[in-house]
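# Structural characterization, general
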Amino acid sequence: MVRIGLDVGGTGIQIGVVDQDGRILEKGSVVTRIDLPFSEQVAQMAACAQDTLRRSGHTLEEVESIGAGVPGIADENGVVIFCTNLSWFNVPFRTEFQKYIDKPVYIGNDATVAGLAESVAGVSAGTSSSVFLTLGTGVGGGIVIGGKVWSGAHGVGSEVGHMTLELDGVPCTCGNRGCLERYCSATAIIRMAKEQLQVHPDSKIMADCGGDQSKINARMVFDAAKEGDPVGEKVFRRYVNYLAQAINSIICFLDPEVIVLGGGVSKAGSFLLDAVRAALPRYIFYKQMPYARIELATLGSDAGIIGAAMLQQ
Ligand SMILES: [Zn+2]
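Rules behind the numbers
- Residues numbered from 1 in each chain as written.
- Predicted model: local features only at pLDDT ≥ 70, side-chain atom pairs only at ≥ 80, totals over all residues.
- Heavy atoms only, no water.
- Domains from an automatic or database assignment.
- Contact = heavy atoms within 4.5 Å.
- Buried area = accessible area lost by both parts, 1.4 Å probe.
- Salt bridge = Lys/Arg side-chain N within 4 Å of Asp/Glu carboxyl O.
- Polar contact = N/O pair within 3.5 Å; in protein donor to acceptor, adjacent residues only side chain to side chain.
- Helix = DSSP H or I, 4+ residues; strand = E, 2+ residues; numbered from the N terminus.
- Pairing = 2+ DSSP bridges.
- Right-handed = clockwise from strand over helix to strand, strands pointing away.
- Axes fitted to C-alpha atoms, helices over the stretch in contact; angles between N-to-C directions.
- Parallel < 35°, antiparallel > 145°, perpendicular 65-115°, else oblique.
- Left-handed = near helix turned anticlockwise from the far one by under 90°.
- Nonpolar A, V, L, I, M, F, W, Y, C, P; charged D, E, K, R; others polar.
- Phe/Tyr/Trp six-rings, centres within 6.5 Å; stacked < 30°, edge-to-face > 60°.
- Buried < 20%, exposed > 50% of the residue type's maximum accessible area, 1.4 Å probe, protein only.
- Lys NZ or Arg CZ within 6 Å of the ring centre and 35° of its normal.

For the protein chain, the assigned domains are domain 1 (2–117 + 302–310) and domain 2 (125–297). Computed over C-alpha atoms only, the centres of domain 1 and domain 2 are separated by 28 Å. Listed per partner, the contact involves 7 residues of domain 1 and 13 residues of domain 2. On the domain 1 side of the contact with domain 2, Ile73, Ala111 and Thr112 bury the most area, a combined 57% of that side's loss. Counting the contacts that link domain 1 with domain 2 gives 0 salt bridges. The interface formed by domain 1 and domain 2 includes 0 residue pairs in polar contact (both at pLDDT 80 or more). Among the elements that take part in the side of domain 1 that touches domain 2, helix H3 (residues 110–121) stands out by supplying 5 residues, more than any other.

Here it is as structure tokens:
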């Protein structure tokens, strides 16, 4: 038996046929066309899924289920309630997709799905509990306990990006202030760098962006930190401390076996991982007890397809 996973993103939809162990057998993709009506978008995805399945050498009879990871939220009836990137609001994804492929269709949040993928075929495989953090433009979270996704009683659990990290802090896109993702995302790194450049315009970062601060990205700031640039170092240290505090909150609350760092910022690799591991102990409450291992995600961009395919009821 095989499963089909759809990684639904704002620019493209990656589709894969995945075996029971989480290995991708064949891939396909379609461009996200938010200009098309919802029903036509789904028709294109289903056509690509059928084509990818055919290329994998498997038949529809062998498909156990279909899963979709979306940057948003769905209810138990397979209705996507909220998916801003695709302008999907209250769209019946499951029913629409089943018009083309009549199999069980499951929908999960993209960060949750990536966490599930890591717990099946990645760095947290075989663990009793894990929390996955996507450190990207925003911050997403995924909780897997006993091999199953925990999305909360109302489907909105693991939204760690909008836990408050600083009272009356930086305004967030959600309407609150001081949300964790305002301090632990790539966006936060860029903001903190720009703030520092006001006072230290002689920084290497200013030269690297050619004086155009709109060109600053998180990698540029971390690279400057690696090379000993004072602004880069300051922002990096601050970022690591925010992240370590956020991780401590997750440990205090859930005490998972592993916390996995994924998303664009995690591409900084051991430079980030070593710093976070070093910063964490000072915040840990039960210092004499073992606590969550901090690891980097290993599946990269395939996590979306694998995790979506692994979704179950
Ligand atoms: Zn927020």
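Alignment of strand S11 (residues 258–262) against strand S12 (residues 293–296), held across 4 bridges, turns out to be parallel. Across the sheet, Val258 pairs through a bridge with Arg293, a residue of S12. Since S11 and S12 lie parallel, the crossover through helix H9 (residues 270–279) that links them has a hand, and here it is right-handed.

Before going further, it helps to examine the sheet that holds strand S7 (residues 105–109). Here we have 5 strands laid out as an open sheet, ordered S3-S2-S1-S4-S7, and mixed in their pairing. Each edge of the open sheet carries a strand with a single partner, namely strand S3 (24–31) and S7. Averaged over all pairs of adjacent strands, the angle between strand axes in this sheet comes to 20 degrees, irrespective of strand direction. Where strand S1 (residues 2–8) and strand S4 (residues 63–70) come together, 6 bridges link them in parallel fashion. By the bridge assignment, Arg3 is partnered in S4 with Ser65. Along the sheet, H3 makes contact with S4 and S7, crossing S7 at roughly 100 degrees. Across the sheet, helix H10 (residues 303–310) touches S1, strand S2 (12–18), S3 and S4, and the angle it forms with S1 is around 130 degrees.

The sheet built from 5 strands is open, its strands ordered S10-S9-S8-S11-S12 with mixed pairing. Each end of this open sheet is capped by a strand with a single partner; those strands are strand S10 (148–149) and S12. One ladder, built from 7 bridges, connects strand S8 (residues 129–135) with strand S9 (residues 139–145); its direction is antiparallel. What sits directly across from Ser130, in S9, is Val144. Sitting on the sheet, H3 is in contact with S8, S9, S10 and S11, with an inclination near 45 degrees to S9. Contacts between helix H8 (residues 230–254) and the sheet are confined to S8, S9, S11 and S12, with S8 contributing the most and set at about 150 degrees to the helix.

Turning our eyes to something else, we now look at the packing of helix H5 (residues 186–199) against H8. At their nearest, the axes of H5 and H8 sit 10 Å apart, and the two run at 140 degrees to each other. On the basis of the axis angle, H5 is oblique to H8. Where H5 crosses over H8, the handedness of that crossing is right-handed. Judged by residue contacts, Ile189, Met192, Ala193, Gln196 and Leu197 of H5 engage Val231, Lys234, Val235, Arg238, Tyr239 and Tyr242 from H8. Looking at side-chain class alone, the contact of H5 with H8 contains 8 nonpolar, 1 polar and 2 charged residues.

What the rule picks out here adds up to 10 aromatic pairs. An angle of 70 degrees between the planes, with centres 5.8 Å apart, marks the rings of Phe82 and Phe89 as edge-to-face. When its relative accessible area of 45% is taken as the criterion, Phe82 is described as partly exposed. The exposure class of Phe89 is partly exposed, given its relative accessible area of 43%. Plain terms: the ring middles of Phe222 and Tyr239 are 5.7 Å apart, the flat faces sit at 65 degrees to each other, and that makes the pair edge-to-face. Taken together, the positions of Phe222 in helix H7 (residues 218–226) and Tyr239 in helix H8 put the pair 17 residues apart, joining distant regions of the chain. A relative accessible area of 4% places Phe222 in the buried class. Site record: aromatic cluster; members linked through ring pairs are Phe38, Trp88, Phe93 and Phe97. Just above the ring of Tyr183 sits the side chain of Arg191; from NZ or CZ to the centre is 5.5 Å. Above the face of the Phe271 ring, Lys226 is positioned so that its terminal group lies 5.4 Å from the ring centre.

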